[in-house]
Amino acid sequence: QVQLQESGGGLVQAGGSLRLSCAASGFTFSFYGMGWFRQAPGKEREFVAAINRNGGRTEYADSVKGRFTISRDNDKKTVYLQLNSLKPEDTALYYCAADRMISSAPLERAANRYDYWGQGTQVTVSS
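The following paragraphs examine the structure supplied in this document. (Residues numbered from 1 in each chain as written. Predicted model: local features only at pLDDT ≥ 70, side-chain atom pairs only at ≥ 80, totals over all residues. Heavy atoms only, no water.)

### Here we look at the nonpolar core
The tendency in soluble globular proteins is for nonpolar side chains to be buried as a group.
1) Next: Judged by nonpolar contacts, the single largest core of 38 residues is most densely connected at Met34, Trp36, Val79, Leu81 and Tyr94.
2) Next: Those elements that provide at least two residues to this core are strand 3 (18-25), strand 4 (32-39), strand 5 (46-51), strand 7 (68-73), strand 8 (78-83), strand 9 (92-100) and strand 11 (121-126).
3) Next: Discounting residues that sit within four places of it in the chain, Tyr94 has contacts with Glu6, Leu20, Trp36, Phe37, Arg38, Val48, Phe68, Leu81, Leu83, Gly120, Thr121 and Val123. (Core = buried A, V, L, I, M, F, W, Y, C linked by side-chain atoms within 4.5 Å. Buried < 20%, exposed > 50% of the residue type's maximum accessible area, 1.4 Å probe, protein only. Helix = DSSP H or I, 4+ residues; strand = E, 2+ residues; numbered from the N terminus. Contact = heavy atoms within 4.5 Å.)

Pasting the structure below:
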């Protein structure tokens, strides 16, 4: 069955770094664009970053641009999110998601455009 398993979250001080991973199984990973979203308590789920099927195109939310980097390894069926210069406002449950897309399609920022979701990994940034 389809599975997206996030890992790498944790507690870190402001200014620190984390690397999140999302391992995929049960579907043809290279046919899917991948995204990262996050949800803080009492807030709506928000877009963080997306990457296309071959990793050649990426997009970021303005709030993380220049600090976070999304990448993927299709051989390992894994997508990554490198989080640098973390701020307390980055504290949230981080989810990865998969979007069935054609190669030339634009990257999706809307959560309802994604087909599969992981369970999330918690990132907590202390001040």
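### With respect to the state of the cysteines
1) Next: Within the structure shown, the criterion is met by 1 disulfide.
2) Next: Paired by a disulfide, Cys22 and Cys96 hold their sulfur atoms 1.9 Å apart. On the sign convention where negative is left-handed, the bridge of Cys22 and Cys96, at about 45° about the S-S bond, is right-handed. In this pair, Cys22 sits in strand 3 while Cys96 sits in strand 9, placing the two residues 74 residues apart along the sequence. (Disulfide = S-S within 2.5 Å.)

### Structural notes on the packing of aromatic side chains
1) Next: Under the defined criterion, the tally for this structure stands at 9 aromatic pairs.
2) Next: Here Phe27 and Phe29 contribute two aromatic rings whose centre-to-centre distance is 6.5 Å and whose plane-to-plane angle is 50°, an arrangement assigned as tilted.
3) Next: Given a relative accessible area of 2%, Phe29 falls into the buried group.
4) Next: On the basis of an interplanar angle of 55° and a centroid distance of 5.0 Å, the ring pair of Phe37 and Trp117 is categorised as tilted. With a gap of 80 residues between them, Phe37 in strand 4 and Trp117 in strand 10 (residues 116-117) connect regions that are remote in the sequence.
5) Next: The class for Trp117 is partly exposed, based on a relative accessible area of 26%. (Phe/Tyr/Trp six-rings, centres within 6.5 Å; stacked < 30°, edge-to-face > 60°.)

### Concerning the sheet that holds strand 7
As a general point, the strands of a sheet are linked pairwise by backbone hydrogen bonds and lie either parallel or antiparallel.
1) Next: Taken in spatial order, the 4 strands of this open sheet run 1-3-8-7, and their pairing is antiparallel. Strands with a single pairing partner mark the edges of an open sheet, and in this sheet they are strand 1 (3-7) and strand 7. In this sheet, adjacent strand axes meet at a mean angle of 15° when their direction is disregarded.
2) Next: Direction of pairing for strand 7 relative to strand 8: antiparallel, over a ladder of 6 bridges. Bridge pairing in strand 8 places Arg72 opposite Val79. (Pairing = 2+ DSSP bridges. Axes fitted to C-alpha atoms, helices over the stretch in contact; angles between N-to-C directions.)

### Remarks on the side chain of Glu6
1) Next: For Glu6, the position within the fold is in strand 1.
2) Next: For Glu6, which is buried and forms no salt bridge, the nearest opposite charge comes from Arg45, at a distance of 7.8 Å.
3) Next: A distance of 3.1 Å separates a polar side-chain atom of Glu6 from the backbone nitrogen of Gln119.
4) Next: A distance of 2.9 Å separates the side chain of Glu6 from the backbone nitrogen of Gly120, its partner in a polar contact.
5) Next: With near-sequence residues (within four places) excluded, Glu6 lies in contact with Ser21, Cys22, Trp36, Tyr94, Tyr95, Cys96, Gly118, Gln119, Gly120 and Thr121. (Lys, Arg positive; Asp, Glu negative; His and termini not counted. Salt bridge = Lys/Arg side-chain N within 4 Å of Asp/Glu carboxyl O. Polar contact = N/O pair within 3.5 Å; in protein donor to acceptor, adjacent residues only side chain to side chain.)

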